[in-house]
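So you can see what is in the structure, the chains are spelled out below.
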Amino acid sequence: MRLWVVIPAFDEERSVGATLRRLAEQTDTAFSLVVVDNGSTDGTARVVKEFAAETTAFDVRIVHEPEKGTGAAADTGVRHAIAAGATHIARTDADCLPHRGWVAAVKRAFGDGLEMVSGPLLPRTDEFPLKFWERRLLPAVIDVAALFGRFRPGNQDPLFLGPYVMMPGCNVAITAGLYERSGGFPRTRIEDVHEDRALVNRVRYVTDAYGLREDVVVYGSVRRLRAFGLVRTLGWYADHRYKPDIVDIR
């Protein structure tokens, strides 16, 4: 198993360092890392290059994708990894902290026969003091979005080989073979298409070997929830029924 981790990043100078350090603290560091700088205007690339010069835990690369979009950047990163020999790819985001056992848990899931896996997305507690409702509501928002997804007409097709499962883009792993067979992430912007949901549905046409594991844990930022509020955040995840003026919350 040759695992690569992919991180798309846009103007994440303040956040990406913590993500990189958390990856260096993994219980299993037998992987390679590629960060995709998606046209950042700040010091994101500098932070990644400084980390790459300092760490000996794993190989670190940075590639550039000028086409704006989380889907485009994620696809560029995954395909770079596959071209470099990756057999399995895990993705997280530049404002997230994977659990220290995340890589090991991903590998166990693949070893058990899954071709695509995700798990819980829990709120970060280190960004700023969390209010009680923020601590409880991020998981609740994810649960509501997952429930909505099971009944959403766009997720229904008799040709699907398995049920709809919500897999956040910041906590998903897939085999290289399945990524290529399914077509991978659509090269889109997050404000147009939730590329993680699109990938899940592409995968559902070719296999049912995907699922959730409780030990595949990532801690995500609540900055969007704090900026949008509960109702608007639910609307955002429910197929962009809420369209904010500013999408890239920093």
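What comes next is a walk through the structure. (Residues numbered from 1 in each chain as written. Predicted model: local features only at pLDDT ≥ 70, side-chain atom pairs only at ≥ 80, totals over all residues. Heavy atoms only, no water.)

## Notes on the nonpolar core
The biggest cluster of nonpolar side chains holds 31 residues, and the ones touching the most others in it are Val5, Ile7, Leu20, Leu23, Phe31, Leu33 and Trp102. Elements represented by at least two residues in this core include exactly strand 1 (3-9), helix 1 (16-24), strand 2 (32-37), helix 2 (44-54) and helix 4 (102-111). For this core, the leading source of residues is helix 4, giving six residues. Those residues in contact with Leu20, other than ones at most four positions away along the chain, are Ile7, Leu33, Val35, Val47, Val48 and Phe51. One finds Ile89, Met167, Tyr179 and Val200 within the second-largest nonpolar core, a separate group that totals 27 residues. (Core = buried A, V, L, I, M, F, W, Y, C linked by side-chain atoms within 4.5 Å. Buried < 20%, exposed > 50% of the residue type's maximum accessible area, 1.4 Å probe, protein only. Helix = DSSP H or I, 4+ residues; strand = E, 2+ residues; numbered from the N terminus. Contact = heavy atoms within 4.5 Å.)

## Examining the packing of aromatic side chains
A complete count under the given rule lists four aromatic pairs for this structure. Three or more aromatic residues joined by ring pairs form one cluster here, namely Phe31, Phe51 and Phe58. One residue, Arg91, lies across the ring of Phe185, its end atom 5.2 Å from the ring centre. Between Arg204 and the ring centre of Phe160, over which it is positioned, the NZ or CZ distance is 3.9 Å. (Phe/Tyr/Trp six-rings, centres within 6.5 Å; stacked < 30°, edge-to-face > 60°. Lys NZ or Arg CZ within 6 Å of the ring centre and 35° of its normal.)

## A look at the pattern of salt bridges
Per the counting criterion, the structure on display carries 20 salt bridges. For Glu13, the salt bridge identified is with Arg46, shortest N-O distance 2.6 Å. One end of the pair, Glu13, is in the loop between strand 1 and helix 1; the other, Arg46, is in helix 2, and 33 residues separate them in sequence. Under the relative-accessibility criterion, Glu13 is labelled partly exposed at 33%. Between Asp215 and Arg108 there is a salt bridge, with the nearest N and O atoms lying 2.9 Å from each other. (Salt bridge = Lys/Arg side-chain N within 4 Å of Asp/Glu carboxyl O.)

## Remarks on helix 1
With seven of its nine residues buried, helix 1 lies for the most part within the structure. Here the buried face of helix 1 lies against strand 1, strand 2, helix 2, strand 5 (97-98) and helix 4.

## Re the side chain of Ser221
Structurally, Ser221 can be placed in the loop between strand 10 (218-220) and helix 8 (223-228). Its relative accessible area of 14% is what places Ser221 among the buried residues. A distance of 3.0 Å separates the side chain of Ser221 from the backbone nitrogen of Arg223, its partner in a polar contact. (Polar contact = N/O pair within 3.5 Å; in protein donor to acceptor, adjacent residues only side chain to side chain.)

## Points about the packing of helix 1 against helix 2
Where helix 1 contacts helix 2, the axes come no closer than 9 Å and their chain directions differ by 25°. Between helix 1 and helix 2, the interaxial angle falls into the category roughly parallel. Both helix 1 and helix 2 take part in a crossing whose hand is right-handed. Along its contact with helix 1, which presents Val16, Gly17, Leu20, Arg21 and Ala24, the element helix 2 presents Val47, Val48 and Phe51. Of the residues that constitute the contact of helix 1 with helix 2, the class distribution is six nonpolar, one polar and one charged. (Axes fitted to C-alpha atoms, helices over the stretch in contact; angles between N-to-C directions. Parallel < 35°, antiparallel > 145°, perpendicular 65-115°, else oblique. Left-handed = near helix turned anticlockwise from the far one by under 90°. Nonpolar A, V, L, I, M, F, W, Y, C, P; charged D, E, K, R; others polar.)

## A look at the state of the cysteines
If you walk through the whole model with that rule in mind, you get zero disulfides. Free cysteine: Cys96, not disulfide-bonded; nearest cysteine sulfur from Cys170 at 4.0 Å. Residue classification places Cys170 among the buried residues on the basis of a relative accessible area of 8%. (Disulfide = S-S within 2.5 Å.)

## Topic: the sheet that holds strand 10
Within the open sheet, the three strands sit side by side as 5-10-7. Their pairing is mixed. For this open sheet the edge positions go to strand 5 and strand 7 (121-123), each flanked by a neighbour on one side alone. In terms of strand pairing, strand 5 meets strand 10 through two bridges, oriented antiparallel. Each bridged residue has a counterpart across the sheet, and for Pro98 the counterpart in strand 10 is Val218. (Pairing = 2+ DSSP bridges.)

## Side note on unusual backbone geometry
In this model, Asp11 sits at a positive phi of 50°, which is unusual for a non-glycine residue. Its place among the elements puts Asp11 in the loop between strand 1 and helix 1.

## Digging into the sheet that holds strand 4 (residues 88-91)
Here we have seven strands laid out as an open sheet, ordered 3-2-1-4-8-6-9, and mixed in their pairing. Only two strands of the sheet have a single partner each, and these edge strands are strand 3 (60-64) and strand 9 (210-212). Ignoring strand direction, the axes of neighbouring strands in this sheet form an average angle of 20°. In this fold helix 2 packs onto strand 1, strand 2 and strand 3, with an angle of close to 160° to the strand it touches most, strand 3. Those strands touched by helix 7 (residues 195-204) are strand 4, strand 6 (116-118), strand 8 (172-175) and strand 9, and its axis lies near 140° from that of strand 6.

In short, the description is geometric, and any link to function would need to be established separately.
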